[in-house]
Amino acid sequence: MKQLLILSGKGGTGKTTIASAFIKLSNAKVYADCDVDAPNLHLIIGQGSEPKKTDYYGLPKSEINPELCIECDQCRQNCRFDAISVKRTYKVDSFACESCGVCEYVCPVDAISLKPAIAGELMLYTNEERVFSTAQLKMGSGTSGMLVTEVKKQMKLADPDTELAIIDGSPGIGCPFIASLSGVDMVLIVAEPSISGISDMERIIKTAAKFGTKIAICINKFDTNYANTEKIELFCKNKGLTFVGKIPFDSDAVKAINNGQTIVDINCASGLAVREAYNKAMELLFKDDNGSR
Amino acid sequence: MKIAVLSGKGGTGKTLVSVNLAAVAQKSTYIDCDVEEPNGHLFFKPIDVQEEEVSVKIPQVDNERCNGCRKCVDFCKFNALAYIKDKLIIFEEICHSCGGCIMLCPEKALTEKEKGIGKMQRGISDEVTVYTGILDTGEASGISIIKKLLVNNKSKGDEQTFIDCPPGSACIVMESIKDADYCVLVAEPTLFGVHNLNMVYELVKLFNKPFGVVLNKCVDGENPAEKFCLEKNIKILKRLPFDNELGMLNSNAEIAARKTKKYYAIFSSLLETVKREVQYETTTNS
Ligand code: SF4
Ligand code: SF4
Ligand code: SF4
Ligand code: SF4
């Protein structure tokens, strides 16, 4: 299975719009949304069916049994995350608790235990020909990197033999991003021609390079700022990064998305441009490292 | 007065709104808590920048003392420790710095060292004090940087502070809005926008924060985000138009309110609305 991960520093750059177009164009049988904090892909590539839902248990959260507690204060003093407070009794703030287990270890009377806690929900849409793996993290749960790993695992298990999988990546450069990056064959970075977009792009490239993953870059809304578009193209050239295309700003794209369609489902300028970027990206993805296909 | 600006996702105009609000507020503080991809400083271009390393505590092992009992390995909930080939290996990137392993090692073979994970910068741009947190690439969590940014600002009581939050609704966002007096949610007029708005809406409700919405990139025609606000009876603070001039200024990292009178007026009136809302909230809740 070749895995193509589509990334952009921030949301709003059209990452999901482009991922959905790629899924349509490649007729991919397997795809996933790794933005578990704010998944959007299902809004346009919904399967029209109910997904199979599985509770996702993150790390267990600490709980104090007030009947056993002798109020020695050890747990509160040793919790590095300020998750334990005392009002009338000793209590754990489950949003702040990082599940490290220190309080359980220090409690002299075994009043504390770590209890399983639901941290999100995995969703798997399947029909005869397609598999779509996604998830939603519960608000304030901190373990999104692990949930991303589960989304990818669920995707692979459902159809291990398929040739191509397309993954809508996680934003940022923190743990969910790192989790979405691991094991993929190539990343496509969707950049925006803005100063902030360029800054974000450079940060992603740095991390992806650490993993030794193939990198391709395309620019979305390139015509909103020609000077910055040129800067990005030049940057790619200087760094020897493959540049696969420029997609124009297109108000039809917004309309398509609001109708739950991809931009290649309708006849529009951005749809045309994304086809070209797609062809180049696929060429790079399936090219062997020794240069032949 | 602390105003947190958030959105379900990046790219919706969170930085646009918070940067311009701070700019029109004149004497104010801007804190960029989007430590994974801080962009505010690109707009403010602060001068007199002072930098401070931010570090976390990470265990280090004295191999002479370690007898390989693996107690620390079994304890670590994050699998940051492994005992391989007669040696304790520490995966620093995934350690959460809980201190547990150090506490329990029977041989006292573990001690703590400081490890830099990023930095905090403080600079001045006109009358705005600009704080920026920057997470090093390859590090998993920027929470400790955010904590530091916010603690640093605690002392200044009445000055207006604008917090540019990280995207999403995960724990890192909660940390950023904890002390806020008011939350401004920024939303885009798309199906995605509504979905993302709904998540931060749930978040501010959970935290019982007063809040209002800024509708960004408004064009003629249907606005799903606006519909959502009307349905849920959410206060709309402002509708920002989609226009090329604003888009261009923004993509060139210019502060629109400092560039043209028109945008100065728009963001001042937004600030006035927010201030009124905060006042209203404090009088009704006291
Ligand atoms: S498990 Fe760790 S973070 Fe949670 S309350 Fe106990 S000591 Fe604090
Ligand atoms: S360590 Fe145990 S006994 Fe002591 S205060 Fe905490 S819960 Fe109570
Ligand atoms: S607990 Fe201490 S002695 Fe045991 S393996 Fe860990 S470092 Fe070594
Ligand atoms: S400090 Fe905590 S998280 Fe880090 S290695 Fe030790 S037990 Fe694991």
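Bear in mind that the values here come from a model prediction, so they are computed numbers and not experimental data.

Where do I start with the confidence of the model for chain B in this structure?
Caution is warranted with low-pLDDT regions, since their predicted coordinates should not be read in detail. Residues and elements named next belong to chain B. Confidence along chain B averages 86 in pLDDT terms, with 96% of residues attaining 70 or more. Confidence, expressed as mean pLDDT per element, reaches its minimum in chain B at helix α6 (residues 171-177) with 80 and its maximum at helix α4 (residues 100-104) with 96. In the predicted assembly, ipTM is 0.80 and pTM is 0.83.

What am I meant to see in the interface of chain A and chain B here?
Accessible area lost upon the coming together of the parts is a frequently used measure of interface size. Each side of the interface is counted separately: chain A has 56 residues, and chain B has 53 residues. Of the roughly 4500 Å² buried between chain A and chain B on both sides combined, carbon and sulfur atoms contribute 60%. Taking the shortest distance from any N to any O, the salt bridge between R80 of chain A and E112 of chain B comes out at 2.9 Å. Between chain A and chain B we count 14 residue pairs in polar contact (both at pLDDT 80 or more) in total. If you list the elements that add at least two residues to the side of chain A that touches chain B, you get α1 (15-26), α3 (102-106), α5 (175-181), α6 (195-211) and α8 (251-258) of chain A.

Help me out: how do you make sense of α1 of chain A in this one?
Residues spaced three or four apart along an α-helix face the same direction, because each turn holds 3.6 residues. All names here are of chain A. Between its first and last C-alpha atoms α1 spans 16 Å; for 12 residues at 1.5 Å apiece the expected length is 16 Å, and the two agree. The element α1 is largely enclosed, with a buried count of 10 among its 12 residues. Regarding α1, the residues found buried are K15, T16, T17, I18, A19, S20, A21, F22, I23 and S26. Trailing α1 by a residue or two, N27 shows a phi angle of about 55°, which is positive.

What's the story with the site of ligand 1 in this structure? I'm lost.
Ligand 1 sits among 13 residues. The nearest are C79, C97, C100, G101 and C103 of chain A. Residue classes in the shell around ligand 1 are distributed as 9 nonpolar, 3 polar and 1 charged.

I would appreciate a short explanation of the sheet that holds strand β2 (residues 30-33) of chain A in the present structure.
Hydrogen bonds along the backbone pair up the strands of a sheet, which may run parallel or antiparallel. Residues and elements named next belong to chain A. Taken in spatial order, the 9 strands line up as β3-β8-β9-β2-β10-β1-β11-β12-β13 in an open sheet, and their pairing is mixed. At either margin of the open sheet sits one strand with a lone partner, and together these are β3 (52-57) and β13 (242-247). This sheet shows a mean twist of 20° between the axes of neighbouring strands, independent of strand direction. Pairing analysis gives 4 bridges linking β2 to strand β10 (residues 164-168), with the strands arranged parallel. Residue Y31 lies in a different strand from β10, and its bridge partner there is I166. Those strands touched by α1 are β1 (2-7), β2, β10, β11 (186-191), β12 (214-220) and β13, and its axis lies near 165° from that of β10.

In this structure, what is going on with the state of the cysteines? I would like to understand it.
Note: disulfide means a covalent bond formed between the sulfur atoms of two cysteine side chains. Inspection of every chain in the model, using the stated rule, returns 0 disulfides over all chains. Free cysteine: C33 of chain B, not disulfide-bonded; nearest cysteine sulfur from C165 of chain B at 6.2 Å.

Hey, could you run me through the environment of K53 of chain A in this one?
Residue and element names in this part refer to chain A. Following the sequence through the fold, K53 ends up in strand β3. Residue classification places K53 among the partly exposed residues on the basis of a relative accessible area of 49%. Not counting the four nearest positions on each side in its chain, K53 is found in contact with E121, L122 and M123.

What's the story with the domain arrangement of chain A in this structure? I'm lost.
Domain boundaries in chain A define domain 1 (2-56 + 119-285) and domain 2 (60-116). Between domain 1 of chain A and domain 2 of chain A, the C-alpha centre-to-centre distance is 40 Å.

What is the right way to read the pattern of salt bridges from this model?
Should their charged atoms come close, side chains of opposite charge can pair. Summed over the entire model, instances satisfying the criterion amount to 24 salt bridges over all chains. Put simply, D265 of chain A and K24 of chain A hold a salt bridge, and the shortest N to O gap is 3.2 Å. Of this pair, D265 of chain A sits in the loop between α8 and α9 (269-286) while K24 of chain A is found in helix α1, placing the two residues 241 residues apart along the sequence. A salt bridge links K262 of chain B to D243 of chain B, with the shortest nitrogen-to-oxygen separation between them at 3.9 Å. Taken together, the positions of K262 of chain B in helix α11 (residues 261-284) and D243 of chain B in the loop between β11 (236-241) and α9 (244-251) put the pair 19 residues apart, joining distant regions of the chain. Judged by its relative accessible area of 43%, K262 of chain B is partly exposed. Each of K14, D34 and D164 of chain B takes part in one network of salt bridges that share partners.

Could you clarify how one ought to interpret α9 of chain A in this entry?
The terminal C-alpha atoms of α9 of chain A, which comprises 18 residues, lie 27 Å apart, in line with the 26 Å expected from a rise of 1.5 Å per residue. Within the sequence span of α9 of chain A, burial applies to S270, G271, A273, V274, A277, Y278, A281, M282, L284, L285 and F286 of chain A.

Any chance you could explain the packing of aromatic side chains here in plain terms?
Aromatic rings in a pair are described by how distant their centres are and how their planes are angled relative to each other. A full pass over the atoms with the stated rule returns 10 aromatic pairs over all chains. Here F249 of chain A and F242 of chain B contribute two aromatic rings whose centre-to-centre distance is 5.3 Å and whose plane-to-plane angle is 15°, an arrangement assigned as stacked. Highlighted residues: F249 of chain A in the loop between β13 and α8 and F242 of chain B in the loop between β11 and α9, drawn from two different chains. We classify F249 of chain A as partly exposed; its relative accessible area is 33%.

Quick question: what am I supposed to make of the site of ligand 3 here?
Every residue lining ligand 3 is accounted for by C66, N67, G68, C69, R70, K71, C72, L88, C105, P106, E107 and L110 of chain B. Of the residues in the shell around ligand 3, the class split is 7 nonpolar, 2 polar and 3 charged.

Which parts of the structure should I look at to understand the sheet that holds β11 of chain B?
Residue and element names in this part refer to chain B. The strand order across the open sheet built from 9 strands is β3-β6-β7-β2-β8-β1-β9-β10-β11, with neighbouring strands paired in mixed fashion. Both outer strands of the open sheet, β3 (47-61) and β11, are each paired with one neighbouring strand and no more. Geometrically, the sheet is characterised by an average inter-axis angle of 20° between neighbouring strands, direction not taken into account. Bridge analysis of strand β1 (residues 2-6) against strand β8 (residues 160-164) gives 4 bridges, and the strand direction is parallel. Following the sheet pairing, K2 is matched in β8 by T161.

What is the right way to read the confidence of the model for chain A from this model?
In this model, chain A carries an average pLDDT of 87, and 95% of its residues clear a pLDDT of 70 or more. Taken element by element, chain A is modelled with least confidence in α8 of chain A, mean pLDDT 80, and with most confidence in α3 of chain A, mean pLDDT 96.

Conventions used here
- Residues numbered from 1 in each chain as written.
- Chains lettered and ligands numbered in written order.
- Predicted model: local features only at pLDDT ≥ 70, side-chain atom pairs only at ≥ 80, totals over all residues.
- Heavy atoms only, no water.
- pLDDT = per-residue confidence, 0-100.
- Helix = DSSP H or I, 4+ residues; strand = E, 2+ residues; numbered from the N terminus.
- Contact = heavy atoms within 4.5 Å.
- Buried area = accessible area lost by both parts, 1.4 Å probe.
- Salt bridge = Lys/Arg side-chain N within 4 Å of Asp/Glu carboxyl O.
- Polar contact = N/O pair within 3.5 Å; in protein donor to acceptor, adjacent residues only side chain to side chain.
- Expected span 1.5 Å × (residues − 1).
- Buried < 20%, exposed > 50% of the residue type's maximum accessible area, 1.4 Å probe, protein only.
- Near = heavy atom within 4 Å.
- Nonpolar A, V, L, I, M, F, W, Y, C, P; charged D, E, K, R; others polar.
- Pairing = 2+ DSSP bridges.
- Axes fitted to C-alpha atoms, helices over the stretch in contact; angles between N-to-C directions.
- Disulfide = S-S within 2.5 Å.
- Domains from an automatic or database assignment.
- Phe/Tyr/Trp six-rings, centres within 6.5 Å; stacked < 30°, edge-to-face > 60°.

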